[in-house]
Amino acid sequence: MEQVALRKKIIDAGIRLVNEHLVTRSWGNISVRVNDDEMLITPSGRTYESLKPEEIVLMNYHTFDYEGKIQPSSEFYLHAFVYQQRKEINAVIHTHQMNATTVAVARREVPPIIDDMVQIIGPSVRVSKYTIAGTKKFARNAVKALKGRQAALLANHGAVCVGRDLDEAFIVAEVLEKACKAFIEAEFLGGSHAISRVTAKLMHEVYLRKYSRLKDKNKLS
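Residues numbered from 1 in each chain as written. Predicted model: local features only at pLDDT ≥ 70, side-chain atom pairs only at ≥ 80, totals over all residues. Heavy atoms only, no water.

Looking now at the overall build of the protein chain. Along its length, the protein chain carries 7 helices and 7 strands. Along the protein chain, helices and strands appear, N-terminal first, in the series α-β-β-β-α-β-α-α-β-α-β-β-α-α. Here the C-alpha radius of gyration of the protein chain, 17 Å, is about what a compact globule of 221 residues would show, namely 17 Å. Burial status across the protein chain gives 51% buried among its 221 residues. The contacts of the protein chain with a sequence gap of at least 6 include a subset with a gap of at least 24, amounting to 65%. Accessible surface for the protein chain amounts to roughly 11200 Å². Of this, 53% is attributable to carbon and sulfur atoms. Put simply, the protein chain has 32 plus and 25 minus side-chain charges, and the middle of one group is 6 Å from the middle of the other. (Helix = DSSP H or I, 4+ residues; strand = E, 2+ residues; numbered from the N terminus. Rg over C-alpha atoms; globule rule 2.2 N^0.38 Å. Buried < 20%, exposed > 50% of the residue type's maximum accessible area, 1.4 Å probe, protein only. Contact = heavy atoms within 4.5 Å. Areas by Shrake-Rupley, 256 points an atom, 1.4 Å probe, with all protein chains shown as cover. Lys, Arg positive; Asp, Glu negative; His and termini not counted. Charge placed at Lys NZ, Arg CZ, Asp CG, Glu CD.)

Below, the structure is given as structure tokens:
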């Protein structure tokens, strides 16, 4: 996909995040991998509704150099480190969605409680160790919590969701919010009952393989 189309898709995803109450105003950030060195990332402090395609920042995720005078999101390390460590990931969404943030504040790992959660996100949702946002340590902690997962909670902060494309990353954010809401409410009913870790891991692996095949099968020639 050409950069112009990717820039527009990032803006559309940002507006959708706001409309679905996964972020508010300019909070949160989105990026897409362009190639082996560069990513497109939302700028710092701009509302999604006011963004123009040319204001999406092109940044080298190895050197952290970027084009133009508009500064990238302050969370660029988070996005860059994901692309450095996870070669299969091509999109990152950082949110402050309510239910996920609530669980992140409690610093509770979400067990494998819902089928679509374990299929799409993985056998659990871990919580990264707390540190100041926007730092390299914050990003490293997040990437560690993301190992083998498509989402992680960021202690006392929010969540990070990743995908092999932007559509998948968005689905991850939606499923994460559903799982965290179910986890919170199940606590009031005596606690959640988890799917076995072995079953959850298998379901996630099957989803990853099946999704890849369907994506290839559905490509237009």
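Moving on from the model shown.
Across a sheet, strands are paired by hydrogen bonds formed along the backbone, either parallel or antiparallel in direction. Read from one edge to the other, the open sheet built from 7 strands follows the order 3-2-1-4-7-6-5, with strand pairing classed as mixed. A strand with exactly one partner marks an edge of an open sheet, and here the two such strands are strand 3 (57-60) and strand 5 (127-128). Bridge analysis of strand 1 (residues 29-33) against strand 2 (residues 38-41) gives 3 bridges, and the strand direction is antiparallel. Directly across from R33, in strand 2, lies its bridge partner M39. On top of the sheet, helix 3 (residues 98-106) reaches strand 5, strand 6 (151-154) and strand 7 (158-163); it is set at about 60° to strand 6, its chief contact. (Pairing = 2+ DSSP bridges. Axes fitted to C-alpha atoms, helices over the stretch in contact; angles between N-to-C directions.)

Despite not being glycine, R107 has its phi angle at roughly 55°, a positive value. With respect to the helices and strands, the residue R107 is situated in the loop between helix 3 and helix 4 (115-120). Look at R107 and you get partly exposed, because its relative accessible area is 47%. At N156, a position not held by glycine, the phi torsion is positive, near 60°.

The next point concerns the nonpolar core. Among the nonpolar cores identified, the biggest contains 42 residues, and I30, V110, M117, I121, L153, L166 and L176 are the most heavily contacted of them. Contributing elements (two or more residues each) for this core: helix 1 (3-19), strand 1, strand 4 (91-95), helix 3, helix 4, strand 6, strand 7 and helix 6 (166-187). It is helix 6 that provides the largest number of residues to this core, a total of 10 residues. Setting aside chain neighbours within four positions, we find L176 in contact with Q97, A100, I121, V125, A151, L153, A159 and C161. Core analysis: the next-biggest nonpolar cluster, separate from the first, contains 25 residues, I41, L78, V92 and V162 among them. (Core = buried A, V, L, I, M, F, W, Y, C linked by side-chain atoms within 4.5 Å.)

The next thing to look at is the pattern of salt bridges. Counted according to the given criterion, the structure contains 10 salt bridges. Residue D167 is joined to K9 by a salt bridge in which the shortest nitrogen-to-oxygen separation is 3.4 Å. Note that D167 is positioned in helix 6 and K9 in helix 1, a separation of 158 residues in sequence. The exposure class of K9 is partly exposed, given its relative accessible area of 28%. Its salt-bridge partner being E55, residue R46 comes within 2.9 Å of it at the nearest N-O pair. Three or more residues are tied together by salt bridges with common partners; here these are R16, E20 and E174. (Salt bridge = Lys/Arg side-chain N within 4 Å of Asp/Glu carboxyl O.)

Below, the discussion takes up helix 5 (residues 136-145). Where helix 5 is concerned, the buried positions are F138, A139, N141, A142, V143 and A145. For helix 5, the secondary structure elements touched by its buried residues are helix 2 (76-85), strand 5 and strand 6.

With that out of the way, let us pick up the packing of aromatic side chains. How two aromatic rings sit relative to each other is given by the distance of their centres and the angle of their planes. If you walk through the whole model with that rule in mind, you get 6 aromatic pairs. Taking the centre distance of 5.6 Å and the plane angle of 50° together, the rings of Y61 and Y83 count as tilted. Taken together, the residues span a long stretch of sequence, with Y61 in the loop between strand 3 and helix 2 and Y83 in helix 2 at a distance of 22 residues. Pair check on accessibility: Y61 and Y83 agree, each one buried. Geometrically, the ring pair formed by Y77 and F81 is tilted, given 6.0 Å between the ring centres and 50° between the ring planes. Highlighted residues: Y77 and F81, both in helix 2, separated by 4 residues, approximately one helical turn. Here Y77 matches F81 in class, with each residue buried. Three or more aromatic residues joined by ring pairs form one cluster here, namely F64, F76, Y77 and F81. Across the ring face of F170, the terminal group of R16 is positioned such that the distance to the ring centre comes to 3.9 Å. (Phe/Tyr/Trp six-rings, centres within 6.5 Å; stacked < 30°, edge-to-face > 60°. Lys NZ or Arg CZ within 6 Å of the ring centre and 35° of its normal.)

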